[in-house]
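For reference, the chains in residue letters:
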Amino acid sequence: MRLIATEEAFAPTEYIDEFLKLTQRIDTPVSRYLGIYYKKAEAVRQLTDLEYRLPEMDAHGVDMHLLSITAPGVQAFDARLGTDLATMANDRLAAAVAAHPTRFAGLGAVAPQDPAQAAQEVTRCMGGLGMKGIIINSHTQGEYLDDPKFWPIFEAAVAADAPIYLHPNFPPESMIHAYADYGMMGALWGFGAETSLHVLRLIMGGVFDAFPTLKIVLGHLGEALPFWLGRLDNRYQNILRRGGLEPLGMKKLDRLPSEYFRSNVWITTSGMMSNEPLRFCLDMLGADRVMFAVDYPYEQTAEAVDFIRNALLDEETMRKVTHANAEQLFRIAPAA
Ligand code: MN
């Protein structure tokens with residue numbers, strides 16, 4: 001059965017170089033964390049040499065990587081450099097896809113630091129470059145996409161029917177210290193806390209009322225939000241009934257919080273390799289909403305593939321999770 005992995009990282013060498021320059025200039029928990037990671041030659045090769053992963057994909061029967069720039073991506077830089085790096089990374093990615101059209105597909109990077117340019121890049125990615133969607137690595141220097149100044153990006157994404165993969169990032173500088181102790185700022189906890197907060201800001205900020213057809217993709221089985229849907233609705237309705245929305249600075253939404261999650265959000269299995277949460281997410285969201293991912297090179301291909309191949313799913317659900325949902329959402333051509 002075809003296996004499409006949907007959250008697979010890459011990075012141009014120039015991006016790594018710029019990042020290392022940044023980490024030498026500023027000393028923060030994030031720069032220290034990534035400065036250590038990017039000094040490992042193997043890690044850098046896994047990200048920068050796109051053909052290096054093909055034998056590993058072959059060895060484990062992964063047919064396709066849907067590639068996206070690694071976090072924190074171009075959002076870490078000033079607007080000018082971020083925009084230039086996004087353009088370069090997208091051109092590089094398009095060339096890799098052209099060289100291996102059955103093995104790679106791509107999500108385009110944008111730099112929300114310059115919303116107008118980012119919107120233009122969405123259009124370029126989804127047009128001539130043939131990308132399947134857009135990647136945004138959560139907050140942009142402490143700012144979130146519910147701020148209307150970023151909405152030109154959503155306008156362009158909706159116009160091109162581009163799903164936006166809202167990928168984790170470290171929590172912003174203003175909150176990083178509570179996470180940085182004991183190394184909890186990254187994939188162990190900080191990534192999921194940051195990204196679930198971001199999606200919730202989109203929901204509670206009325207973004208899906210303004211853009212009812214906007215499609216958001218989350219990794220890590222929805223960053224824990226499927227577990228919270230009932231409580232979000234319960235609290236929202238409770239506050240609404242008591243007339244508390246306005247005093248609390250909340251918005252009156254057209255629908256319940258969970259309804260946006262069920263209709264506008266897709267989730268992937270990146271980094272999540274146990275049956276019970278997968279089963280729970282399928283029960284909560286339905287078989288059309290869940291897609292396979294490895295999270296290469298941060299997770300092991302062997303482990304992720306072994307998990308999904310042996311997951312206790314009926315044949316139709318397995319077909320959807322391993323490839324059919326990704327083919328449909330990202331408009332990836334079915335295997336010949
Ligand atoms: Mn990832």
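Residues numbered from 1 in each chain as written. Predicted model: local features only at pLDDT ≥ 70, side-chain atom pairs only at ≥ 80, totals over all residues. Heavy atoms only, no water.

Looking at this structure, I do not really get the pattern of salt bridges. What am I missing?
Where charged atoms from two side chains of opposite charge approach closely, those side chains can pair. Counted by the stated rule, this structure contains 16 salt bridges. The partner of R32 in a salt bridge is D27, with the nearest N and O atoms 2.8 Å apart. R331 is the salt-bridge partner of D161, the closest N and O atoms lying 2.6 Å from each other. In this pair, D161 is assigned in the loop between α7 (151–159) and β5 (164–166) and R331 in the segment after α16 (315–330), connecting sequence segments 170 residues apart. Take D161: its relative accessible area is 26%, and that puts it in the partly exposed class. Among the residues examined, R331 registers a relative accessible area of 54% and is labelled exposed. (Salt bridge = Lys/Arg side-chain N within 4 Å of Asp/Glu carboxyl O. Helix = DSSP H or I, 4+ residues; strand = E, 2+ residues; numbered from the N terminus. Buried < 20%, exposed > 50% of the residue type's maximum accessible area, 1.4 Å probe, protein only.)

What am I meant to see in the packing of aromatic side chains here?
Given two aromatic rings, their pairing is described by the distance between the two centres and the angle made by the two planes. Counted under the stated rule, the structure contains 12 aromatic pairs. For the ring pair W151 and F211, a centre distance of 5.5 Å and an interplane angle of 80° mean the geometry is edge-to-face. Taken together, the positions of W151 in helix α7 and F211 in the loop between α10 (207–210) and β6 (216–218) put the pair 60 residues apart, joining distant regions of the chain. We note that W151, like F211, is buried. Relative to F191, the ring of F170 lies with its centre 5.0 Å away and its plane at 65°, an arrangement referred to as edge-to-face. Separated by 21 residues along the polypeptide, F170 in the loop between β5 and α8 (176–180) and F191 in helix α9 (residues 190–204) bring together distant segments of the chain. Given a relative accessible area of 17%, F191 falls into the buried group. Three or more aromatic residues joined by ring pairs make a cluster, and in this case those are Y15, F19, Y37, Y38, F77 and Y298. Sitting above the plane of the W266 ring, R289 keeps its charged end 4.0 Å from the centroid. (Phe/Tyr/Trp six-rings, centres within 6.5 Å; stacked < 30°, edge-to-face > 60°. Lys NZ or Arg CZ within 6 Å of the ring centre and 35° of its normal.)

Whenever I open this one, the pairing of strand β7 (residues 265–268) confuses me. Can you help?
Each regular strand carries side chains that alternate between the two faces of the sheet. Neither face of β7 is open: one carries V265 and I267, the other W266 and T268, and all of them are buried. Bridge count between β6 and β7: three bridges; the pairing is parallel. Looking at the pairing, V217 lines up with W266 of β7. (Pairing = 2+ DSSP bridges.)

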